[in-house]
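Below are the chains, spelled out letter by letter.
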Amino acid sequence: YRKRVVLVINKIDILERRQGDDHGQETKQKMVDYVQEHASDLLGASPIVIPVSGRDALSWKQLHRPGFVGSENESINNS
């Protein structure tokens, strides 16, 4: 029997504020690796670590679904 553990790191986008050109990708990966390593030591199982960013999700929605957010404001501003 193996334990299945999933850990979620919320607000991972906070780490990109102080970073340079890579938007904090290296720092984010270090954070995921740190959590995975220490959780493995504590739990005795290798967890799945999922970084979550609400800001990145909203940006993705805006890019892939034009008109999703701000479509009313855009039409007012373009008039």
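See above for the structure.
Treat the numbers as computed from the prediction; the structure is a model and nothing was measured.

**Q** I keep staring at the overall build of the protein and nothing clicks. Help me out?
**A** Secondary structure assignment for the protein yields three helices and two strands. Listed by position from the N terminus, the elements making up the protein come as β-α-β-α-α. The burial tally for the protein puts 16% of its 79 residues in the buried class. In the protein, once contacts between residues fewer than 6 apart in sequence are set aside, the share between residues at least 24 apart is 55%. By element, 52% of the accessible surface of the protein is carried by carbon and sulfur atoms, the whole surface being about 6700 Å².

**Q** Sorry if this is basic, but what is going on with a nonpolar patch on the surface here?
**A** Together, Val-6, Val-8, Ile-48, Ile-50 and Val-52 make up an exposed nonpolar region whose accessible area comes to about 410 Å². Contributions of two or more residues to the nonpolar patch are made by β1 (6–9) and β2 (48–51). Position of Val-8 relative to the elements: it lies in strand β1.

**Q** When you look at the side chain of Ser-53 in this model, what are you seeing that I'm missing?
**A** One can find Ser-53 in the loop between β2 and α2 (54–64). Polar side-chain contacts of Ser-53 include one of 3.2 Å to the side chain of Asp-13. When neighbours within four sequence positions are excluded, Ser-53 is seen to be in contact with Ile-12 and Asp-13.

Here is what the cut-offs are and how they apply
- Residues numbered from 1 in each chain as written.
- Predicted model: local features only at pLDDT ≥ 70, side-chain atom pairs only at ≥ 80, totals over all residues.
- Heavy atoms only, no water.
- Helix = DSSP H or I, 4+ residues; strand = E, 2+ residues; numbered from the N terminus.
- Buried < 20%, exposed > 50% of the residue type's maximum accessible area, 1.4 Å probe, protein only.
- Contact = heavy atoms within 4.5 Å.
- Areas by Shrake-Rupley, 256 points an atom, 1.4 Å probe, with all protein chains shown as cover.
- Patch = residues over 30% accessible without salt bridge, like charges linked within 9 Å, V, L, I, M, F, W, Y side chains within 5 Å.
- Salt bridge = Lys/Arg side-chain N within 4 Å of Asp/Glu carboxyl O.
- Polar contact = N/O pair within 3.5 Å; in protein donor to acceptor, adjacent residues only side chain to side chain.

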